[in-house]
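Here is what each chain is made of, one letter per residue.
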Amino acid sequence: MDHSAPAHRWRGFAFALPIALLTIVPLLAVVGMAVTPQPDIWLHLWNYVLPRVLGNTLLLMLLVGVAVLIVAVPLAWLTAMCDFPGRRFFAWALVLPLAIPAYVLAFVQMGIFEYAGPVQSFVRDVMGNSRWFPDIRGSLWGLVMVLVMAFYPYVYLMARSAFLTQGHRSMEAAQALGYSPVAAFFKVALPLARPWIGAGLALVLMEVLADFGAIAVFNFDTFSTAVYKSWFDLHNIGAAAQLAAILVLVVLLLVAAEQRSRNAKRFHVSNPQQHRAVLQGGMRWLAFGFCLLVFAASFAIPMVQMVAWVLSIWREQLNSDYWGYAWNTLYLALLTAVITTVLALLLSWIRRRHGDAKTAWVIRLAVLGYAMPGVVLAVGVFIPIAWLDAWLMALLEPFGIQALGIIKGSLAGMLLALAARFLAVAYHSTDAAMQRITRSQEEACASLGLGPWQTLRRLHLPLLRTGLLSAFLMVVVDVMKEMPITLMMRQFGWDTLAVRVFQLTSESMWEEAALPALAIVLVGLVPVILLVLQTEKKPSSAG
């Protein structure tokens, strides 16, 4: 295939660009409104919103980032390099919190630790009062605890992979030079793992920036909640767009940092870790207790509490309304998954046939949406939709047709934003499967006279079946958990399970929120279990 021929130089770019517009148009809409600001909006933001929101966001990122490192890196080291009671269980169980959305973990922890919750009730029974107990409502420490428990698995997985691929001889060499095991960890293992840890930390910080539900539960203002309030409370889409543009800039800086960390992962070890250090005496039980505490706080206790709440209210709550929310959720998830999987297949196939730099860049732009917070994409999709709506209504007005909105608040708007958000999820799974198809197989099809589309149908699609199914299921699960896009762009009264959780937690109805939340978590366990099965395989020796 001659990609250097002039006719082919722009073909891949031209094919991929329409798909990339799903992400490019919303980002350009947000940035375009930011570079043409209205002075009164900026003055209001500068005086009343930006100082507080910027300070809160940076403080939250700092505290969560530091706390995640303190929790995740020791956990990764213990389960990868040490032997202690329960290590094999904790190695995979510590990944399970990925199945619980942060907004679910937030309201469960709120229900557990608030004044009427089981913890303070127990304290009052034992000690007579709980006035000294710190109040979790609206507290920064409570929010940090929730976000750390929700997001530490990103750093845990990356750091554990790094430690497993380093090999035992590097630690032996450090100890032979006179370093203690602790000093060898800080002098050898940690510096070698730094690119992995940096990439995981960048993902955590992007999740903190993107989070809306957990932060709303704790009534703490960051950029994501400020965008929502500007749009829905102040009815000022301009202010929402200005804040969203600043958020885009911060996210792009984090994406660049994460990409740099990934590019730094270049070392190779031919002897991955096989023999673990056996902890002795109190150290082994200290390691066990640390792992158990994190697992209990982040997964076991929240799950038990949700099940207990569901058992107490399911007869009253499991009605036709609930099944309507479940159907809306599944319907939206299936439609989004179909759209993103088809687009991901096309992108992967375009990349396969056109390996030039222009095509690669436009594909990177196409999958950038996953790094963007849902509130940004909601605002970015709404702006051109509102403009298109106004144009269509002006076009129809001479014919006596009047409408409040044609596309705004429609299923189409939600699907556009969700497809932009989750295209990357489908693409990475599909492209990984595409890379396993050899060039010789494609050349064999060409020798038989099959054209590109025939090769796609008869060779690629059968071999990509597993990858496409994985992509489809992962998008279904992610859409079922997604909150801000659906909340901000849905038609009035068209609620999903995630939106229902938001509505109930806004009124502190923890028990009632447990039913839709538990359904979301159980579905979310599917990809997490698949991830656990994959990571528990023998690690590759290549970094």
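Everything that follows concerns the structure shown earlier in this document.
Rules of the game
Residues numbered from 1 in each chain as written. Predicted model: local features only at pLDDT ≥ 70, side-chain atom pairs only at ≥ 80, totals over all residues. Heavy atoms only, no water. Helix = DSSP H or I, 4+ residues; strand = E, 2+ residues; numbered from the N terminus. Contact = heavy atoms within 4.5 Å. Areas by Shrake-Rupley, 256 points an atom, 1.4 Å probe, with all protein chains shown as cover. Axes fitted to C-alpha atoms, helices over the stretch in contact; angles between N-to-C directions. Parallel < 35°, antiparallel > 145°, perpendicular 65-115°, else oblique. Nonpolar A, V, L, I, M, F, W, Y, C, P; charged D, E, K, R; others polar. Expected span 1.5 Å × (residues − 1). Bend = angle between axes of the 7 residues up to and from the residue. Buried < 20%, exposed > 50% of the residue type's maximum accessible area, 1.4 Å probe, protein only. Polar contact = N/O pair within 3.5 Å; in protein donor to acceptor, adjacent residues only side chain to side chain. Left-handed = near helix turned anticlockwise from the far one by under 90°.

Caption draft 1: Summary view of the overall build of the chain. Each helix and strand counted, the chain has 23 helices and two strands in total. Across the chain, every contact between residues at least 6 apart in sequence was considered, and the portion connecting residues at least 24 apart equals 82%. Here the chain has roughly 25,500 Å² of accessible surface; of this, 66% comes from carbon and sulfur atoms.

Caption draft 2: Inspection of the packing of helix α2 (residues 11-35) against helix α17 (residues 411-435) at higher detail. Contact geometry of α2 with α17 gives a least axis separation of 9 Å together with a crossing angle of 105 degrees. One way to sum up the angle between α2 and α17 is to call them roughly perpendicular. Here I19, L22 and T23 of α2 come into contact with α17, specifically with L416, A419, A420 and L423. Looking at the contact of α2 with α17, its residues break down into six nonpolar, one polar and no charged.

Caption draft 3: Spatial organisation of the environment of V227. The topology assignment puts V227 in helix α11 (residues 223-232). Measuring from C-alpha to C-alpha, the distance between V227 and L243 comes to 6.1 Å, with 16 residues separating the pair along the chain. Setting aside residues up to four positions removed in sequence, V227 forms contacts with A240, L243, A244, V375, V379 and M488.

Caption draft 4: Local environment of helix α13 (residues 281-317). Helix length check: α13 (37 residues) gives 50 Å between terminal C-alpha atoms against 54 Å at 1.5 Å per residue, within 8%. Residue A296 marks the point of greatest curvature in α13, where the axis turns by about 55 degrees.

Caption draft 5: Focus on the side chain of S139. Secondary-structure assignment places S139 in the loop between α6 (118-127) and α7 (140-166). Using a relative accessible area of 9% as the deciding quantity, one classes S139 as buried. Looking at S139, its side chain comes within polar contact range of the side chain of W141, at 3.4 Å. Separated by 3.2 Å, the side chain of S139 and the backbone nitrogen of G142 make a polar contact.

Caption draft 6: Fine view of the environment of A76. Summarising the element assignment, A76 is placed in helix α3 (residues 39-81). Sequence-distant contacts of A76, defined by excluding residues within four places in its chain, comprise Y156, A159, R160 and F163.

Caption draft 7: Representation of the packing of helix α14 (residues 320-353) against α17. Running from amino to carboxyl end, α14 crosses α17 at an angle of 45 degrees, the nearest separation of the two axes being 6 Å. In terms of orientation, α14 lies oblique with respect to α17. As α14 packs across α17, the resulting crossing turns out to be right-handed. Of the residues belonging to the contact of α14 with α17, the class tally is 19 nonpolar, six polar and three charged.

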